[in-house]
Amino acid sequence: MKNCLLRRDFVPMDMRCATSDCSRSHRSGKAWVILADGQEQAFCPYCASTVLGGDIFREQRTIAPDLTIHELSAEDDTPWLRGGPYSNVRTEAGRDRRLSNALGYLQLRAHVLPSIPGIHASVRAWPALMDLFHTYQTQQRLTDQQVLAIVSMEEASVKKAWVLGRNNLMDVYAGYHLLQRQRRKLAKSIFNMQAKPWLNKEVGDQRIQQLRERSRLVENVIGHLLQKLYLTPKQMAALDLQMRADAFTRPGMLLSVPPNE
Ligand SMILES: [Zn+2]
């Protein structure tokens with residue numbers, strides 16, 4: 001099996017590049033995921049290019065989906081590697097875009113989102129989509145017909161529940177990672193505050209209490225996101241989530257109106 005660029009994805013911020021003698025960590029919380037020797041591995045942009053070969057990396061990243069683009073807060077360590085804008089499906093670039101979107105949808109529903117503990121069961125792909133995922137994993141390519149099948153499955157899903165559209169699932173994924181970062185940061189702050197020798201114990205207790213309340217809010221919002229598959233504008237504002245402007249909106253809607261609320 002040849003090495004193949006699968007996607008750009010979120011990884012823990014302190015995780016090291018998969019190349020054993022590479023000293024880089026994924027500072028931006030994002031990495032290039034390559035199917036190498038039959039296993040998914042997360043590489044820094046420099047090693048991703050080395051592992052695949054520069055020309056192949058450049059070619060494959062025009063179709064490998066970037067699952068991180070709806071998150072806007074983190075520093076981007078590879079801006080020059082982002083794909084350009086595509087518009088017309090009849091052009092070569094448009095075909096790449098359609099394939100890239102289909103691959104993104106396939107990986108989100110068949111692999112990436114179902115692996116999040118507690119996520120609503122509706123994101124789990126049905127057998128036909130799983131079959132296409134395994135085909136792609138083994139053959140590393142999809143025919144035009146298979147791409148169309150994925151597009152049709154997305155359309156059928158959106159008819160049942162708008163939250164299952166690709167754009168919204170990208171929001172769910174980005175929102176989840178932003179909230180996980182806040183959760184980890186708060187846990188660390190609470191730990192440090194508890195270890196600190198406070199001159200005024202009352203002030204210390206109050207500060208720790210505030211952090212605990214914030215932490216509970218983050219937990220609640222994560223629970224809501226995973227079960228409902230959207231966040232309300234109020235939740236996003238309360239936690240200052242840096243995401244695309246029309247995150248969690250129904251396709252075609254101009255304003256961010258929370259569904260069912
Ligand atoms: Zn590296």
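Residues numbered from 1 in each chain as written. Predicted model: local features only at pLDDT ≥ 70, side-chain atom pairs only at ≥ 80, totals over all residues.

Student: Honestly, the overall build of the protein chain in this entry has me stumped. Any pointers?
Tutor: Tallying secondary structure elements over the protein chain gives eight helices and three strands in all. Put simply, the protein chain runs from its N terminus to its C terminus through helices and strands in the order β-β-β-α-α-α-α-α-α-α-α. When the 261 residues of the protein chain are sorted by exposure, 32% land in the buried category. Within the protein chain, contacts between residues separated by at least 24 positions form 61% of all contacts whose residues are at least 6 apart in sequence. (Helix = DSSP H or I, 4+ residues; strand = E, 2+ residues; numbered from the N terminus. Buried ≥ 20, exposed ≤ 12 C-beta atoms within 10 Å, placed from the backbone. Contact = placed C-beta atoms within 7 Å.)

Student: Is there a simple way to think about the pairing of strand S1 (residues 4–10) in this case?
Tutor: Side chains on a regular strand alternate between the two faces of the sheet. With six of its seven residues buried, S1 lies for the most part within the structure. Relative to strand S2 (residues 30–36), S1 is paired through six bridges, and the arrangement is antiparallel. Note on S2: the bridge partner recorded for Arg8 is Trp32. (Pairing = 2+ DSSP bridges.)

Student: What am I meant to see in the sheet that holds S2 here?
Tutor: Strand pairing in a sheet is mediated by backbone hydrogen bonds. Such pairs are either parallel or antiparallel. Here three strands make up an open sheet; going across it, the order is S1-S2-S3 and the pairing antiparallel. In this open sheet, the two edge strands, each paired with only one partner strand, are S1 and strand S3 (39–43). Neighbour-to-neighbour, the strand axes of this sheet turn through a mean angle of 30 degrees, independent of strand direction. Running over the sheet, helix H1 (residues 45–52) touches S1, S2 and S3 and is turned about 20 degrees from S2. (Axes fitted to C-alpha atoms, helices over the stretch in contact; angles between N-to-C directions.)

Student: What exactly am I supposed to notice about the nonpolar core here?
Tutor: Most often, soluble globular proteins keep nonpolar side chains buried together rather than apart. Of all hydrophobic cores here, the largest spans 56 residues; its most connected members are Leu5, Ile34, Phe43, Ala48, Leu106, Leu169 and Tyr173. In terms of residue count, the dominant contributor to this core is helix H3 (residues 92–112) (eight residues). If sequence neighbours within four positions are ignored, Ile34 has contacts with Asn3, Cys4, Leu5, Leu6, Gln41, Phe43, Ala48, Val51 and Leu52. (Core = buried A, V, L, I, M, F, W, Y, C linked by C-beta atoms within 7 Å.)

Student: Just to check I follow, could you spell out unusual backbone geometry for this structure?
Tutor: Trans peptide bonds make up most of the peptide bonds, and negative phi angles are found at most residues other than glycine. For Asp37, which is not glycine, the phi torsion reads 55 degrees and is therefore positive. Looking at where Asp37 falls in the secondary structure, it is placed in the loop between S2 and S3. Of note, Asp240 is a non-glycine position whose phi angle comes to about 50 degrees, a positive value.

Student: So what exactly am I meant to see when it comes to the confidence of the model for the protein chain here?
Tutor: For any part of a model where pLDDT is low, the fine detail of the predicted coordinates should not be relied upon. Looking at the protein chain, pLDDT values average 87 and 89% of them are 70 or higher. Confidence, read as mean pLDDT per element, is least for H3 in the protein chain (90) and greatest for helix H7 (residues 201–228) (96). Confidence over residues 82–90 falls short of pLDDT 50; this stretch has ten contacts with residues more than four positions distant or in other chains. Within the model, the stretch residues 254–261 combines pLDDT values under 50 with nine contacts to residues more than four positions away or in other chains. (pLDDT = per-residue confidence, 0-100.)

Student: Help me understand the pairing of S3 in this model?
Tutor: Pairing of S2 with S3, which is carried by five bridges, proceeds in the antiparallel orientation. Residue Leu35 lies in a different strand from S3, and its bridge partner there is Glu40. Here S2 folds back onto S3 in antiparallel fashion, the turn holding two residues, of which Asp37 has a positive phi close to 55 degrees.

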